[in-house]
Every structure is written in structure tokens, then in C-alpha cells.
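Summary of the model geometry
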Amino acid sequence: MGALILNAEDRSVSIDMSRLGPPLKTYDADLASLEHRENDIRLFFGKLRLPGRDSLATRVEIRYPIELFHKHLWQNSREFHGRLRERAEALRISRSMERCQLHEMEADKDHSEWANFDFMGYSGTEAAIDFFHLPPTDLARFEKTGAMMNVALEPILRVQLGVGQLLRLLDSCADAVPEIENYLPHDAA
């Protein structure tokens, strides 16, 4: 099953990070932003159109179910966010750059995907987020029948961006979390 660990006895699902391969598709982003809608979070990544840099050549939207955004991306990134902030400060990366709202900018081309799991990393001033998706139909089939066949964690996209942009994205997540927690069941927040 690769990185997925399925327990038919208690119908639990976990992920072995050491066996998680990278997505085959990569997107080079100049900018990143977040939009919170009632039932999901949308992470936007954009490539600026040259030479004016006042609009986007391309934009990628990664939609996250709100509870999995909170449980996976947010809660699992708390230590990483702190280390990333320290790294950005050590590199003297400017934090004064205004956060742009990519969903409000014009783009020549758009693409959208769903994700419910991610993995982040950085080296020097380069950062990346790998996005994955475990389809709800696969989970429902496994929970109902215990059948492990055809349950797959799909690699969606690797987004490469600068440390400063990833830090600004995680800071935007921090700003949105109090409102997001209003939409979660009380035992999930």
C-alpha cells in the first residue's frame, strides 16, 4: 500500500512519511495566499506575468476540507512554522511585504485541485509543499467494508516557493484559524 497504513480491524488509516513519494507535477510559485470559505480553505499559488508583474500568468488553487486543513496542515505545521520564522529572520527575509490576495487578481490560466494531506520543507531560501489527496470514496469504502484494495493516497502537486512566501502563507493560516475553528465540531478544534 506504499505510504498508507490501513488497519482493517479498527478501520484506521495512517501515513508512513518515510514511504511517501513526491508528486510528479511541480509548480513554481512567486506568491501564495489563503482564502477561507465556509466549508473549505483555498490555498492559492501564483506566477507573476512579466514584465509588469501586476497580474498573474498562472494560478493554482488547492482546496482543503476545513477539518482536514485544521487537523493536518495547521496542527502538524506548528513546530515547522516556528523554525521557518527563525530561518527567515536569520536570512533577513523581509516580512514587510504586503500579503496579496491571489484569488482577487486576474490570471491568464487557472487550475484547481483538492488536497487533504501535505508535507512541507525548506533548505536555504527555497521551500516546497507537497500536496496529496485521499479520496473520500476510498475512505468510505474502506470504513464500510474493510477492503484495502483501491485505497490510494494520490500525489497531487509539489509547489516550490521562497521561504518568505511560505512564511507569509502560514502566517495567513494563523490569522484564519480562530474563524475556522468556529466551523469545526467542538471535539475537532
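Here we summarise the structure given alongside this text. (Residues numbered from 1 in each chain as written. Predicted model: local features only at pLDDT ≥ 70, side-chain atom pairs only at ≥ 80, totals over all residues. Heavy atoms only, no water.)

What follows is about the side chain of serine 55. Looking at where serine 55 falls in the secondary structure, it is placed in the loop between strand E5 (40-48) and strand E6 (56-65). Of note is the side chain of serine 55, whose polar atom sits 2.2 Å from the side chain of arginine 49. In this structure, serine 55 is in contact with Leu48, Arg49, Met105 and Glu106, ignoring residues within four places of it in sequence. (Helix = DSSP H or I, 4+ residues; strand = E, 2+ residues; numbered from the N terminus. Polar contact = N/O pair within 3.5 Å; in protein donor to acceptor, adjacent residues only side chain to side chain. Contact = heavy atoms within 4.5 Å.)

This next bit is on the sheet that holds E5. Through backbone hydrogen bonds, the strands of a sheet pair up, either in parallel or in antiparallel fashion. Taking strand neighbours across the sheet as the criterion, the 4 strands line up as E4-E5-E6-E7 in an open arrangement whose pairing is mixed. The sheet terminates laterally at strand E4 (31-36) and strand E7 (107-114), the two strands that pair on one side only. Adjacent strand axes in the sheet meet at a mean angle of 20 degrees, parallel and antiparallel pairs treated alike. Summarising the sheet, E4 and E5 pair through 6 bridges and their orientation is antiparallel. Of the residues in E5, the one forming a bridge with glutamate 35 is arginine 42. Strands in contact with helix H1 (residues 66-76) are E4, E5 and E6; relative to E6, the strand with the most contacts, it is inclined by about 90 degrees. Running over the sheet, helix H4 (residues 163-181) touches E4 and E5 and is turned about 10 degrees from E4. (Pairing = 2+ DSSP bridges. Axes fitted to C-alpha atoms, helices over the stretch in contact; angles between N-to-C directions.)

Before going further, it helps to spend a moment on the packing of H1 against H4. Two measures define how a pair of helices packs: the angle their axes make with one another and the distance between the axes. With their axes 11 Å apart at the nearest point, H1 and H4 run at an angle of 135 degrees to one another. The pairing of H1 with H4 is recorded here as oblique in orientation. In this structure, H1 meets H4 at a crossing whose hand is left-handed. Side by side, H1 and H4 meet where Ile66, Phe69, His70, Leu73 and Trp74 of the first sit next to Leu170, Cys173, Ala174, Val177, Ile180 and Glu181 of the second. Of the residues contributing to the contact of H1 with H4, the split by class is 9 nonpolar, 1 polar and 1 charged. (Parallel < 35°, antiparallel > 145°, perpendicular 65-115°, else oblique. Left-handed = near helix turned anticlockwise from the far one by under 90°. Nonpolar A, V, L, I, M, F, W, Y, C, P; charged D, E, K, R; others polar.)

The contact between helix H2 (residues 78-90) and H4 brings their axes to 10 Å, and the two run at 135 degrees. Here H2 is positioned oblique relative to H4, judged by the angle of their axes. In this structure, H2 meets H4 at a crossing whose hand is left-handed. Contacts between H2 and H4 involve Phe80, His81, Leu84, Arg85 and Ala88 on the former and, on the latter, Val163, Leu166, Leu167, Leu170, Asp171 and Ala174. Looking at the contact of H2 with H4 residue by residue, the classes come out as 8 nonpolar, 1 polar and 2 charged.

What follows covers the sheet that holds strand E3 (residues 26-28). Taken together, the 4 strands give an open sheet; going across it, the order is E3-E10-E9-E8, and neighbouring strands pair in mixed fashion. Either end of the sheet is taken by a strand with one partner, and the two such strands are E3 and strand E8 (117-123). Ignoring which end each strand starts from, the neighbouring axes of this sheet average 20 degrees apart. Two strands pair when backbone bridges link them, and E8 and strand E9 (residues 126-133) are joined in this way by 7 bridges, in the antiparallel orientation. Paired with aspartate 118 across the bridge in E9 is phenylalanine 131.

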